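# Overview (structure and organization)
Letter by letter, the chains look like this.
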Amino acid sequence: MNGISKRLRSCVFVFSMTLIAGGIAGCEQAPEQTSESSTEMEIDSSGQYVTVAEAKEQAQELAGGSLDGIYFPDYVALPEGDYVSTLKLTTLYTPEEDSGEILAALRGIWSSYDSVDWSSIEPTRNTRGPESDYWGISKEDEETGVWMSYDSRGFFCGNALQDMEELRGDACVKSYDFEWGDEAGEDTWQLMDGECSVAEAVEAVEGLLNEYLSPLENDAFTYRVQHLYVMKNPDTGCYEYNLSIGRVCEGMAVDTSSDYEFLTTGQYYDVVHKGARFEAVMRHKGTLDYFNIGTWLIGIESTETEESIISSIWAAQQIKDEIAHANKMSFSDFGLVYVLEQDNTEADNQQQGYFGALNDTTYLRPVWAFLAASSSSSLFSGTTLDTHDESILVDAVTGELYHYDCTGIY
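Thresholds, definitions, all that
Residues numbered from 1 in each chain as written. Predicted model: local features only at pLDDT ≥ 70, side-chain atom pairs only at ≥ 80, totals over all residues. Heavy atoms only, no water. Helix = DSSP H or I, 4+ residues; strand = E, 2+ residues; numbered from the N terminus. Buried < 20%, exposed > 50% of the residue type's maximum accessible area, 1.4 Å probe, protein only. Contact = heavy atoms within 4.5 Å. Areas by Shrake-Rupley, 256 points an atom, 1.4 Å probe, with all protein chains shown as cover. Core = buried A, V, L, I, M, F, W, Y, C linked by side-chain atoms within 4.5 Å. Polar contact = N/O pair within 3.5 Å; in protein donor to acceptor, adjacent residues only side chain to side chain. Phe/Tyr/Trp six-rings, centres within 6.5 Å; stacked < 30°, edge-to-face > 60°. Lys NZ or Arg CZ within 6 Å of the ring centre and 35° of its normal. Salt bridge = Lys/Arg side-chain N within 4 Å of Asp/Glu carboxyl O. Pairing = 2+ DSSP bridges. Axes fitted to C-alpha atoms, helices over the stretch in contact; angles between N-to-C directions. Parallel < 35°, antiparallel > 145°, perpendicular 65-115°, else oblique. Left-handed = near helix turned anticlockwise from the far one by under 90°. Nonpolar A, V, L, I, M, F, W, Y, C, P; charged D, E, K, R; others polar.

## A closer look at the overall build of the chain
Counting its secondary structure elements, the chain contains four helices and 25 strands. Buried residues in the chain amount to 57% of all 410 residues. Contacts spanning at least 24 positions in sequence make up 73% of the contacts within the chain whose residues lie at least 6 apart. Accessible surface, the chain: about 17300 Å² in total, of which carbon and sulfur atoms supply 44%.

Now the structure itself:
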């Protein structure tokens, strides 16, 4: 697996992606980020490896233009500082006797916690086969339908949506992709108990998570609303916010995409990639009616600071060299971000597996992400529109190139 790129293991690689026509009906998308006046650039690269500061300058030069026929959006996501790291991750197990720490965080983040007398409700206990140290508890108030769940890996969820679950993508009337440069402005929408601006909602949610969640992850991360979707609820006539919240590590965003995937079998890498996010719904001003941590708490076992990284220009040139149709590519999202990576447990079966629980092979790795906008109507089945079509990751440390068909829905 050494060299410039990790090749697909299938004998013949044919990229055959069928786009479902029509786009996203009923959702006012954020402004198109690819400049109409994109011009072909001639930029001198200082080599394969450059300092982070130099890499950021070069990436800014690419923004809004094209290189070797590859078109880049006007905005480029970059770290705040001038260094990045490779981080080995670990699971943060919580003994059941310490579960009060998780409940305290859930109570602080989820506004409906105090609407139920949980001490009067008998818990449903969950186990997981050979994992002797695993425990899980869920409780539901039969009268109201409000429920919560939490476990030893730090997963927790609170749901007061009752019989009105999260609205799907076709209920979206406007989206804000802050991870990729959108701004909230002064937009305000009528929630169930009054008007709430997008900016106020973002500030409230980020404040809650940075206060209550950060200590559970040993203050290794801060938290940012990366995507916000304004949903029109047909039952109430009001709007509500579906939010995708991401981690920020060392001033650089952890991507919030779901699994990076292939559309056909027989294509695989020795590793799998995905983003990480929390999901939330705000139906009432400044509070969360639903919060789901998604998977588990993330611990950092070790950190290796990278003094130099792959040049964004070099990364773009590898796309040109490695992908036959590169001169027809146009990316809606581009930048230096972290993604989760772990060994592909299905590689011996010549299949691309899916990301599992944190294990000894799990890392946060810095990558140059080149992501094409999604045009599939299958987005309607998801609770957010945080998906992409053709997606390319270039590892910012090794230079390995990973060419995926899409990122999944959630």
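From this point, things continue past the structure.
## Focus on the side chain of T383
For T383, the position within the fold is in the loop between β22 (363-373) and β23 (388-395). With residues near it in sequence (within four places) discarded, T383 still touches E166, L167, R168, M231, N242, E279 and Y410.

## Considerations on the nonpolar core
By size, the foremost hydrophobic cluster in this structure holds 97 residues, and its most contacted members are F156, Y241 and W368. No other element matches helix α3 (residues 198-212), which puts six residues into this core. Ignoring any residue separated from it by four or fewer positions in sequence, one finds F156 in contact with I102, A105, L106, I109, S149, Y150, L213, L216, F291, N292 and I293. Ranked by size, the runner-up nonpolar core spans 14 residues in total, among them W180, V339, V367 and Y404.

## Quick word on the environment of V84
In this fold, V84 is placed in strand β4 (residues 84-91). Expressed as a C-alpha distance, the spacing of V84 and C249, which sit 165 residues apart in the sequence, is 9.0 Å. Every residue in contact with V84, bar those within four places of it in the chain, is listed here: V52, P79, E250, M252, E304, T305, E306, I309, L336, Y338 and P366.

## Examining helix α4 (residues 312-322)
Within α4 the residues assigned to the buried category are S312, I313, W314, A315, A316, Q318 and I319. The opening residue of α4 is S311, an N-cap whose side-chain oxygen sits 3.1 Å from the backbone nitrogen of I313.

## Concerning unusual backbone geometry
With phi around 55°, D219 is a residue other than glycine that occupies positive phi space. Although it is not a glycine, Q350 adopts a positive phi angle of roughly 55°. Considering the arrangement of structural elements, one finds Q350 in the loop between β21 (333-343) and β22.

## Describing the packing of aromatic side chains
Summed over the entire model, instances satisfying the criterion amount to 20 aromatic pairs. Arranged with centres 6.0 Å apart and planes meeting at 20°, the rings of Y176 and F178 form a pair that is stacked. Taking the centre distance of 5.2 Å and the plane angle of 85° together, the rings of Y269 and Y402 count as edge-to-face. Of the two residues, Y269 sits in the loop between β15 (260-261) and β16 (271-274) while Y402 sits in strand β24 (residues 401-404), which places them 133 residues apart along the sequence. For the pair Y269 and Y402, a shared accessibility class is recorded, and that class is buried. Taken together, the ring pairs in this structure connect F72, F331, F334, W368 and F370 into an aromatic cluster. Just above the ring of F221 sits the side chain of R247; from NZ or CZ to the centre is 5.6 Å. In this structure, K274 packs its charged tip against the face of F355, placed 5.8 Å from the ring centre.

## Remarks on the pattern of salt bridges
In total, this model carries 10 salt bridges according to the counting rule given. Residue D187 pairs with K174 through a salt bridge whose shortest N-O separation is 2.9 Å. With D187 in the loop between β9 (172-177) and β10 (188-191) and K174 in strand β9, this residue pair connects regions lying 13 residues apart in the sequence.

## Let's talk about the pairing of strand β17 (residues 278-282)
The buried count for β17 comes to five of five residues, which makes it a mostly enclosed element. The alternating pattern of β17 places F278, A280 and M282 on one face and E279 and V281 on the opposite face, and all of these are buried. As judged from the five bridges shared by strand β13 (residues 239-249) and β17, these two strands associate in the antiparallel manner. Looking at the pairing, Y241 lines up with M282 of β17. In this sheet, strand β18 (residues 290-292) lies alongside β17 in antiparallel orientation, the contact comprising three bridges. Bridge pairing in β18 links E279 to N292.

## Here's the deal with the pairing of β4
Each regular strand displays side chains that alternate between the two surfaces of the sheet. Burial analysis of β4 places seven of its eight residues in the buried class, which makes it a mostly covered element. Two strands pair when backbone bridges link them, and β4 and β22 are joined in this way by two bridges, in the antiparallel orientation. Opposite L87, over in β22, you have L364 as the bridge partner.

## Focus: the packing of helix α2 (residues 100-109) against α3
The N-to-C vectors of α2 and α3 enclose an angle of 165°; their axes lie 9 Å apart at closest approach. Taken together, the axes of α2 and α3 lie roughly antiparallel to each other. For α2 against α3, the interelement crossing comes out right-handed. Counted together, A104, A105, G108 and I109 of α2 and L208, L209 and Y212 of α3 form the full contact between these two elements. Looking at the contact of α2 with α3 residue by residue, the classes come out as six nonpolar, one polar and no charged.

## Things to note about the environment of A276
By the secondary structure assignment, A276 is in the loop between β16 and β17. Taking C-alpha positions, A276 is 7.7 Å from V339, a pair spaced 63 residues apart along the chain. Aside from chain neighbours lying at most four places away, what touches A276 is I245, G246, R247, V254, D255, T256, S257 and L340.

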